[in-house]
Amino acid sequence: MSDNPFDLVAVQTPKNANVSLNALDIPSPSLEYCTMTVEEAATSLGTNVKNGLSSASEVTHRQQEYGVNEIASEDEEPLWRKFLGTFVGDPLILLLIGSAVISFVMGNIDDAVSITLAIVIVVTVGFVQEHRSEKSIEALNRLVPDECHLVRGGQESKILASVLVPGDVVRFGVGDRIPADIRITEAVGLSIDESNLTGENEPVHKSTKEVSKDSYNDVPGSLVPLADRTCIGFMGTLVREGHGRGIVIATAKHTAFGKVFEMMNSIEKPKTPLQTAMDKLGKDLSLVSFGLIGVICLIGILQGRSWLEMFQISVSLAVAAIPEGLPIIVTVTLALGVLRMAKRRAIIRRLPSVETLGSVNVICSDKTGTLTTNHMTVNKIWCLGSMSNKSNILNLEKVTRANLKNHISEDVKATLRVGNICNNSTFSQEHVKFLGNPTDIAILEVLRKFDLEDQRPTVTRIGEIPFSSKRKFMAVKVKDSRGKTMIYVKGAYERIVEMSSHFINTENKVVKLDSALKDVIFDSANTLASEGLRTLAFAQFEPPSGSTDAFDEKSIDGLTFAGLLGMNDPPRPSVRAAVERLSEGSVHVIMITGDSESTAVNIARQIGISIPNPETAVLTGDRLEHMSEDQLTSIIDHVNIFARATPEHKLNIVRALQKRGDIVAMTGDGVNDAPALKLADIGVSMGKMGTDVAKEASDMVLTDDDFSTILTAIEEGKGIFNNIQNFLTFQLSTSVAALSLVAISTAFKLPNPLNAMQILWINILMDGPPAQSLGVEPVDHEVMKKPPRKRSDKILTNDVFKRLLQSALFIIVGTIYVFIKEMTEDGVITARDTTMTFTCFVFFDMFNALACRHSTKSIFEVGIFANNMFNYAVGFSLLGQLCAIYVPFFQKIFKTESLSLGDLAFLLTLSSTVFIADEVRKWYYRKQRVNDPYYYSVV
Ligand SMILES: Nc1ncnc2c1ncn2[C@@H]1O[C@H](COP(=O)(O)OP(=O)(O)OP(=O)(O)O)[C@@H](O)[C@H]1O
Ligand SMILES: [Ca+2]
């Protein structure tokens with residue numbers, strides 16, 4: 001399950017894949033437009049290639065015509081049909097209907113009416129829940145809205161992709177997801193990954209050139225195959241390289257993907273392991289119950305009881321004892337849990353991840369932006385010429401603004417100039433701030449401190465080697481107004497210093513850099529980094545005039561070093577506590593960063609990641625590079641920090657951890673992180689800074705990019721699991737009690753303590769609102785003290801089993817006691833007797849539900865009012881019970897009569913014993929384990 005319809009493609013069987021490809025062969029906008037030139041396409045769509053649509057009324061008109069750009073599974077069936085369908089879908093309900101008909105034929109009109117009514121209620125409750133579960137799953141689909149860069153009336157804005165209409169112009173860059181089917185109008189080194197549409201893994205190179213139709217004359221219908229429509233960007237595909245622009249030619253269901261999706265609508269989504277386990281448990285229980293009911297029925301008939309009565313009881317018992325509502329409640333609980341997590345800023349993209357969360361025992365987190373705020377401020381500068389060694393680092397925070405000017409020596413100026421020109425951040429008038437990479441922004445902001453102007457308008461950029469986490473530097477080639485060409489480079493200091501052969505001195509002269517001086521630079525850089533500052537080096541280079549060398553990574557060498565900047569990026573305030581709580585729960589937190597070792601170690605110390613021995617606890621990318629997978633696996637247990645790591649390293653790290661049997665959560669944001677995110681048991685992407693590609697590959701998106709949100713999610717995941725165990729205890733104990741009650745009375749030749757209608761009502765309580773409300777019990781923060789659950793652990797543990805048997809025992813003994821007491825008072829079975837028994841059972845069950853709210857804590861500790869859903873559900877159930885006893889109409893149906901206040905008080909007292917007994921169990925449990933270090937490890 002995921003928000004993303006594309007995940008469906010991934011689960012298709014090959015047979016379905018054929019279906020989808022056939023769907024794409026039919027004529028579609030992408031086929032029509034791929035043979036048109038850009039101008040023809042723009043004219044045909046009535047739009048402007050550069051400015052997009054400019055008339056607001058035209059946009060509104062198109063929105064009305066084409067609708068929202070969203071692919072939604074259309075609900076084919078009307079609600080009433082679905083409702084009627086549930087009557088015939090369930091064999092048990094059919095049997096019940098059968099028994100109503102038989103009653104009617106035999107003249108038992110009362111019975112027939114009652115059973116019919118009960119059937120309607122049972123089916124309605126089931127239907128409402130199923131509908132709710134569908135609705136909440138639908139809500140999950142809308143959690144991650146897709147955004148795009150839209151150009152309308154010449155203005156560009158970031159906006160929801162759902163507003164797009166044909167004719168709109170969009171811009172996209174690396175890591176983005178194409179928001180609609182588009183005719184590409186501008187392509188710079190553009191390649192797009194269409195694997196989710198075509199199954200082809202190699203990204204497709206795209207251009208603006210139209211496809212010549214003539215080459216496809218031999219193909220039936222002159223159809224250009226999807227993969228050959230190279231000037232088309234398909235909705236939902238991912239930009240792997242380069243950037244470009246395009247005109248929207250089709251939206252929503254008219255897109256190529258929309259067509260596939262229509263075909264796939266009927267494909268069922270895969271179930272989560274928990275859901276499958278529940279299905280199996282349900283089936284097993286059904287078998288047992290059926291066997292038991294069969295025996296009861298047989299004995300009853302042999303004893304000479306009315307076979308119709310036995311039949312009705314058996315069928316109702318089957319309806320009640322079989323927890324057919326179990327899988328639905330599990331689904332609703334999972335879905336509601338996911339919605340709750342979304343409110344706490346963790347969006348789950350695949351439902352099974354909720355279960356995996358509770359088992360995570362290693363979190364690999366990147367540093368910048370996740371552990372830190374990603375708000376950088378340059379606060380230290382160092383240059384070799386003017387400051388000579390590490391004891392002279394200039395601290396910008398200690399110098400007044402007026403004084404700063406005295407510090408602008410030529411090398412400082414050069415450092416700032418490199419940072420300024422080799423920079424991709426832009427100032428947005430609309431947002432009144434810089435937009436772009438936080439490192440770039442910090443450099444532009446420091447210029448203002450020195451009263452320096454942005455010099456980029458004075459030069460023309462003729463080339464760029466973009467920054468990447470693998471390369472760890474960025475370079476630009478520019479030409480100034482006098483025609484002089486310069487190359488400016490900034491990046492990780494190890495890389496820059498290694499590539500430098502000279503440096504700029506205070507007089508702006510280029511001086512030779514020997515290895516002793518390089519050591520001086522390293523010394524200063526390490527000093528900056530060990531203060532936790534992100535340290536970048538800046539350098540420049542004038543290519544020999546007339547040089548025609550290609551401007552690529554290899555051509556960057558023999559640089560002239562200018563200086564270093566140290567940027568502060570403080571840890572997020574909440575991270576320290578989160579790390580602490582995770583380690584309490586035996587979750588190992590590993591920092592993986594592209595930043596330098598010294599910076600990483602400093603930040604790690606600040607947030608409480610322990611570094612017992614830097615020799616083994618810190619591993620740098622270049623050492624990792626020379627390690628085999630086995631070597632890495634053998635040492636990784638002691639590693640807490642990976643520094644100067646690349647996205648490829650992340651992949652190796654996940655592999656090594658998984659080899660040890662760890663369940664790994666891994667964070668990432670870039671295009672290159674996608675493979676590691678996919679491989680990790682829980683891939684976590686960043687909602688704010690992350691690319692669409694990373695989000696696509698991940699199982700969970702943090703909308704605030706904050707590490708502590710992972711803790712929240714794990715907590716919720718564990719909580720959901722506990723809740724499921726709790727309502728399982730409740731449902732199964734009711735089930736066991738109801739079955740045993742009838743079985744025992746049959747065995748001892750007693751009359752039936754509950755009639756069919758009463759059993760059905762009990763079923764509604766058990767499968768309905770009270771059970772459901774146990775699923776939304778708020779998370780107990782102490783779950784984090786429990787170690788992660790093993791993936792192989794059963795949900796129905798021994799402890800759960802003991803708990804449910806204890807409760808069932810109390811219900812059975814108590815109810816039978818009331819039954820026999822009432823019966824022996826006058827020697828015959830009267831309506832009063834069954835009313836007392838029936839009410840006794842229901843009260844018992846409500847107290848049982850209360851006890852099931854927590855497995856180990858007293859309700860008074862958890863808080864009576866902590867789960868109001870529960871209180872309403874139980875309140876309603878009790879109200880229903882009172883109706884069943886006191887309202888004449890229901891008295892007829894349930895064959896009850898009014899009880900006195902004293903009766904009710906007696907029953908309440910008696911039935912509270914199940915709750916008291918469970919409180920005693922909890923008290924004893926806590927007393928036993930309070931000194932035990934593994935106190936929480938047992939549910
Ligand atoms: N915009 C940039 N231009 C040039 N160099 C950069 C830029 N951003 C970062 N660097 C350099 O590259 C190094 C690695 O950056 P990278 O983005 O891979 O990791 P990070 O952001 O430091 O850490 P993390 O992986 O924890 O998010 C940085 O330490 C810095 O020296
Ligand atoms: Ca049932």
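Residues numbered from 1 in each chain as written. Chains lettered and ligands numbered in written order. Predicted model: local features only at pLDDT ≥ 70, side-chain atom pairs only at ≥ 80, totals over all residues. Heavy atoms only, no water.

J.: Can you lay out the overall build of the protein for me, pointing to particular residues and giving the numbers?
T.: Across its full length, the protein holds 37 helices and 26 strands. Over its C-alpha atoms, taken along the principal directions, the protein stretches across nearly 115 × 75 × 50 Å. The burial tally for the protein puts 55% of its 939 residues in the buried class. Considering only residue pairs separated by 6 or more positions, the protein has 73% of its internal contacts joining residues 24 or more positions apart. Accessible surface, the protein: about 40100 Å² in total, of which carbon and sulfur atoms supply 58%. If you average the places of the 93 positive and of the 107 negative side-chain charges in the protein, the two averages end up 3 Å apart. (Helix = DSSP H or I, 4+ residues; strand = E, 2+ residues; numbered from the N terminus. Buried < 20%, exposed > 50% of the residue type's maximum accessible area, 1.4 Å probe, protein only. Contact = heavy atoms within 4.5 Å. Areas by Shrake-Rupley, 256 points an atom, 1.4 Å probe, with all protein chains shown as cover. Lys, Arg positive; Asp, Glu negative; His and termini not counted. Charge placed at Lys NZ, Arg CZ, Asp CG, Glu CD.)

J.: Break down the nonpolar core for me, with residues and values.
T.: Grouped together as the largest cluster of nonpolar side chains are 124 residues, with contacts concentrated most on Ile363, Leu582, Met591, Met700 and Phe707. For this core, the leading source of residues is helix H29 (residues 708–747), giving 16 residues. Per-domain counts for this core show at least three residues from each of domain 2 (284–345 + 715–930) and domain 3 (352–372 + 572–705). Sequence-distant contacts of Ile363, that is, excluding residues within four places in its chain, are made with Leu582, Val587, His588, Val589, Ile590, Ala665, Phe707, Ile710 and Ile714. One finds Val446, Phe541, Ala562 and Leu565 within the second-largest nonpolar core, a separate group that totals 62 residues. (Core = buried A, V, L, I, M, F, W, Y, C linked by side-chain atoms within 4.5 Å. Domains from an automatic or database assignment.)

J.: Go over a nonpolar patch on the surface, please, and point to the residues and values.
T.: A grouping of Val101, Phe104, Val105, Met106, Ile109, Val113, Ile301 and Trp307 is seen on the molecular surface, where their side chains present a nonpolar patch of about 800 Å² in accessible area. Of all the secondary-structure elements, those providing two or more residues to the nonpolar patch are helix H7 (91–105) and helix H8 (109–141). With three residues, H7 is the single largest residue contributor to the nonpolar patch. For Trp307, the location among the structural elements is in helix H12 (residues 307–321). Classification of Trp307 by relative accessible area gives partly exposed; the value is 48%. (Patch = residues over 30% accessible without salt bridge, like charges linked within 9 Å, V, L, I, M, F, W, Y side chains within 5 Å. Salt bridge = Lys/Arg side-chain N within 4 Å of Asp/Glu carboxyl O.)

J.: Residues and numbers for H29, please.
T.: Look at H29: 58 Å from first C-alpha to last across 40 residues, which is about the 58 Å you get at 1.5 Å a residue. With respect to burial, H29 is a largely interior element, 36 of its 40 residues being buried. Lys749, located one to two residues past H29, shows a positive phi value of around 55°. (Expected span 1.5 Å × (residues − 1).)

J.: How would you explain the side chain of Asn379 if you had to name every residue and give the values?
T.: Mapped onto the fold, Asn379 is located in strand S10 (residues 377–382). At 3.4 Å, the side chain of Asn379 and the side chain of Glu397 are in polar contact. (Polar contact = N/O pair within 3.5 Å; in protein donor to acceptor, adjacent residues only side chain to side chain.)

J.: Provide a residue-level description of unusual backbone geometry, including the pertinent values.
T.: Backbone geometry places Arg644, a non-glycine residue, at a positive phi of 45°. You can see Arg644 is positioned in the loop between strand S23 (641–643) and helix H26 (647–659). Take Arg644: its relative accessible area is 14%, and that puts it in the buried class. Backbone geometry at Lys749 places phi at a positive 55°, although glycine is not the residue there. Along the polypeptide, Lys749 turns up in the loop between H29 and helix H30 (756–767).

J.: Quick rundown of the site of ligand 1? Include the residues and the values.
T.: Close to ligand 1 lie 21 residues; Lys367, Thr368, Arg534, Thr593 and Asp595 are nearest. One of the side-chain nitrogen or oxygen atoms of Lys490 is found 3.1 Å away from a nitrogen atom of ligand 1. Contact between ligand 1 and Arg534: an oxygen atom at 2.3 Å from a side-chain N or O atom of the residue. Sorting the residues of the shell around ligand 1 by element identifies helix H18 (438–449), strand S16 (485–492) and strand S19 (534–541) as the ones contributing at least two each. (Near = heavy atom within 4 Å.)

J.: Tell me about the side chain of Asn726, and please be specific about residues and values.
T.: Examined against the element boundaries, Asn726 turns out to sit in helix H29. Reaching out from Asn726, the side chain makes a polar contact with the side chain of Arg803 at a distance of 3.3 Å. Setting aside its immediate chain neighbours within four residues, Asn726 contacts Leu774, Arg803, Cys852, Arg853, His854 and Ser855.

J.: Kindly report on the domain arrangement of the protein, identifying the contributing residues and their values.
T.: By the assigned domains, the protein splits into domain 1 (22–75 + 143–264), domain 2 (284–345 + 715–930), domain 3 (352–372 + 572–705) and domain 4 (377–568). Here the C-alpha centre of domain 4 lies 30 Å away from the C-alpha centre of domain 3. Taken residue by residue, the interface counts 14 residues in domain 3 and 14 residues in domain 4. Summing both sides of the interface, domain 3 and domain 4 together bury roughly 1100 Å²; the carbon and sulfur share of this comes to 49%. Ranking the residues of domain 3 by area buried against domain 4 places Ser598, Thr599 and Arg644 at the top, with a combined share of 37%. Between the two partners, domain 3 and domain 4, sit three salt bridges. Linking domain 3 to domain 4 there are eight residue pairs in polar contact (both at pLDDT 80 or more). Where the side of domain 3 that touches domain 4 is concerned, the elements lending two or more residues are helix H22 (597–607) and H26. For the side of domain 3 that touches domain 4, the element with the most residues is H22, which contributes four residues. (Buried area = accessible area lost by both parts, 1.4 Å probe.)

J.: Account for the sheet that holds strand S9 (residues 362–366), naming residues and giving values.
T.: Strands sit in the order S8-S26-S25-S24-S9-S21-S23-S22 across an open sheet of eight strands; the sheet is mixed. Here the strands that pair on one side only, and so sit at the sheet edges, are strand S8 (346–348) and strand S22 (618–620). Strand after strand, the sheet turns through a mean of 20° between neighbouring axes, direction not considered. Sheet topology note: the strand S24 (residues 664–668)/strand S25 (residues 682–686) ladder contains four bridges and is parallel. (Pairing = 2+ DSSP bridges. Axes fitted to C-alpha atoms, helices over the stretch in contact; angles between N-to-C directions.)

J.: Talk me through the packing of H29 against H30; I want residue IDs and the actual numbers.
T.: One way to put it is that H29 packs onto H30 with a least axis distance of 9 Å and a crossing angle of 165°. Comparing their axes, H30 and H29 come out roughly antiparallel. As H29 runs across H30, the sense of the crossing is left-handed. Two secondary-structure elements touch here, H29 through Phe730, Gln731, Thr734, Ser735 and Val742 and H30 through Ile759, Ile762, Leu765, Met766 and Asp767. For the contact of H29 with H30, a count of residues per class yields six nonpolar, three polar and one charged. (Parallel < 35°, antiparallel > 145°, perpendicular 65-115°, else oblique. Left-handed = near helix turned anticlockwise from the far one by under 90°. Nonpolar A, V, L, I, M, F, W, Y, C, P; charged D, E, K, R; others polar.)

J.: Summarise the pairing of strand S1 (residues 147–152); cite the residues concerned and give the values.
T.: Pairing of S1 with strand S2 (residues 155–160), which is carried by six bridges, proceeds in the antiparallel orientation. Considered in S2, the bridge of Cys148 is made with Ile159. Linking S1 back to S2 in an antiparallel pair, the connection comprises two residues, with Gly153 at a positive phi of about 55°. Examined bridge by bridge, S1 and strand S3 (residues 169–172) share three bridges and lie antiparallel to one another. By the bridge assignment, Val151 is partnered in S3 with Val169.

J.: Could you give me a rundown of the packing of aromatic side chains, with the residues and numbers involved?
T.: Taken as a whole and judged by the stated rule, the model has eight aromatic pairs. Over the aromatic face of Tyr493 sits the side chain of Arg644, whose NZ or CZ is 5.6 Å from the ring centroid. For the cation-ring pair, Lys821 lies above Phe906, with the distance from its terminal atom to the ring centre recorded as 4.7 Å. (Phe/Tyr/Trp six-rings, centres within 6.5 Å; stacked < 30°, edge-to-face > 60°. Lys NZ or Arg CZ within 6 Å of the ring centre and 35° of its normal.)

J.: Lay out the UniProt feature "transmembrane region" (unreviewed entry) in the protein with the relevant residues and their values.
T.: Taking the UniProt record as the reference, the feature "transmembrane region" (unreviewed entry) is found at residues 83–106, 285–303, 315–339, 800–820, 835–852, 864–887 and 899–917. The distance separating the terminal C-alpha atoms of residues 864–887 is 30 Å; by composition the span is 79% helix and 0% strand. The span residues 899–917 carries 89% helix and 0% strand; its end-to-end C-alpha distance comes to 26 Å. (UniProt positions renumbered as here; feature names shortened; annotations may be inferred.)

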